[in-house]
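# Fold and contact review
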Amino acid sequence: METNSKRRSSYKRKFKADDKSRYKYVNGSHTQGQGFADIRKRKILLEYNKVKRKERATSSTSKHMYNEEQSSEDEKQLQKNKGHQSKFQQKKVSRFSNAEWKYQNKCEEKRKKAEEATRKKKEREAALDHYKKKKKERHLKLCKRTNRGQPVLHNHIQILLEKLEKQHKSSAHLQS
């Protein structure tokens, strides 16, 4: 038996300190303030600066190509379209106003969905009530009995007649 226990122990995996670092997915620890957040911030800033540089480069080249004639034409168009926003004014929307606009749109969509859901729910409840009422009336007619306990056949015949009339109407609509 001792040989078997030795064999089993030899097959056990031994963990090393460097194996644990392999499973670590963030730089820094909770006590250090999670250093990965700082790296993420730097990366975002780098991307932001890239975008700014590209914008400056495009704006500087467009300034050189911009003639005085074009600027006078743009001023004339602005005077004509005082009631409407021009393309230049639309681009200069602040981040806050853009976020506010998106939030308002989202709230509006949410409100519309809620109204639609309540309307559908009311329609469903009304249809269900109508169905239950008809079913109850039909049941009461079919359950009626004479003094001797026999079913009242007049009601059975009436219900059959109503079914036939309904089928006749639906077939008449389909043919025409």
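Because the structure is a prediction, the values reported are computed rather than measured.

### What about the overall build of the protein chain?
- When helices and strands are counted, the protein chain shows seven helices and zero strands.
- Starting at the N terminus and walking to the C terminus, you meet the elements of the protein chain as α-α-α-α-α-α-α.
- Surface summary for the protein chain: the accessible area is close to 18300 Å², and the carbon and sulfur share equals 55%.

### Considering the side chain of N155
- Within the secondary structure, N155 is located in helix 7 (residues 153-175).
- What makes N155 buried here is its relative accessible area of 10%.
- With residues near it in sequence (within four places) discarded, N155 still touches K141 and K144.

### Quick look at the layout of surface pockets
- The volume enclosed by the largest pocket comes to roughly 390 Å³.
- For the largest pocket, the full set of lining residues is Y131, K134, K135, E137, R138, K141, I159, E162, K163 and K166.
- For the lining of the largest pocket, the elements supplying multiple residues, two or more each, are helix 6 (95-143) and helix 7.
- At six residues, helix 6 tops the list of elements feeding residues into the lining of the largest pocket.
- Tallied by class, the residues present in the lining of the largest pocket amount to two nonpolar, no polar and eight charged.

### Here's the deal with the confidence of the model for the protein chain
- For the protein chain, the average pLDDT comes to 77, and 60% of its residues sit at 70 or higher.
- Mean pLDDT values over the elements of the protein chain span from 53, in helix 5 (residues 87-91), up to 94, in helix 6.

### Some remarks on the packing of helix 6 against helix 7
- Where helix 6 meets helix 7, the axes come as close as 8 Å, and the angle between the chain directions of the two elements is 140°. Taken together, helix 6 and helix 7 sit at an angle that is classed as oblique. Residues R138, K141 and L142 of helix 6 lie in contact with helix 7, whose contacting residues are N155, H156, Q158, I159, E162 and K163.
- Partitioned by chemical class, the residues of the contact of helix 6 with helix 7 number two nonpolar, three polar and four charged.

### A closer look at the pattern of salt bridges
- Counted under the stated rule, the structure contains six salt bridges.
- When the shortest N-O distance is used, the salt bridge between E108 and R111 registers 2.3 Å. Placement of the pair is E108 and R111 together in helix 6, with a separation of three residues, close to one helical turn.
- Taking relative accessible area as the criterion, E108 reaches 34% and is therefore assigned partly exposed.

### Here we look at helix 7
- With 23 residues, helix 7 extends 33 Å from end C-alpha to end C-alpha; this agrees with the ideal 33 Å at 1.5 Å per step.
- Counting buried residues along helix 7, only two of its 23 residues qualify, which leaves the element largely exposed.

Parameters at a glance
- Throughout this description, residue numbers start from 1 for each chain and increase along the sequence as written.
- Totals for whole chains, interfaces and linings use all residues, but because this is a predicted model, local features are given only for residues with pLDDT of at least 70 and pairs of side-chain atoms are given and counted only at 80 or more.
- Side-chain calculation: all heavy atoms of the structure are included, whereas hydrogens and water are not.
- Each helix is a run of DSSP H or I of at least 4 residues and each strand a run of E of at least 2, with the numbering of both proceeding from the N terminus.
- Where accessible areas are quoted, they stem from the Shrake-Rupley method and a 1.4 Å probe; at the residue level, only the protein chains shown are allowed to cover.
- A 1.4 Å probe rolled over the protein chains alone gives each residue an accessible area, and that area as a share of the maximum for its type sets the label: buried under 20%, exposed over 50%, partly exposed in between.
- Two residues form a contact once any of their heavy atoms are found within 4.5 Å.
- The way it works is a 1 Å grid over only the protein atoms, where trapped points that fit a 1.4 Å probe form a cavity and open points with protein on both sides within 12 Å along at least five of seven lines form a pocket, and then any residue with an atom within 4 Å of a point lines it.
- Grid points are joined across faces, edges and corners, and a volume is the space filled by probe spheres set on the points.
- We call Asp, Glu, Lys and Arg charged. Ala, Val, Leu, Ile, Met, Phe, Trp, Tyr, Cys and Pro are nonpolar, and the rest, Gly among them, are polar.
- The predictor attaches a confidence to each residue, and that confidence, scored 0 to 100, is pLDDT.
- To get an axis, a line is fitted to the C-alpha atoms, and for a helix only the part in contact is used. The angle between two axes follows their N-to-C directions and goes from 0 to 180 degrees.
- When describing relative orientation, an angle under 35 degrees is termed roughly parallel and one over 145 degrees roughly antiparallel, while 65 to 115 degrees is termed roughly perpendicular and anything else oblique.
- Note on definitions: salt bridges are taken to be side-chain nitrogens of Lys or Arg within 4 Å of carboxyl oxygens of Asp or Glu.
- Multiplying 1.5 Å by the residue count of a helix minus one yields the expected span of that helix.

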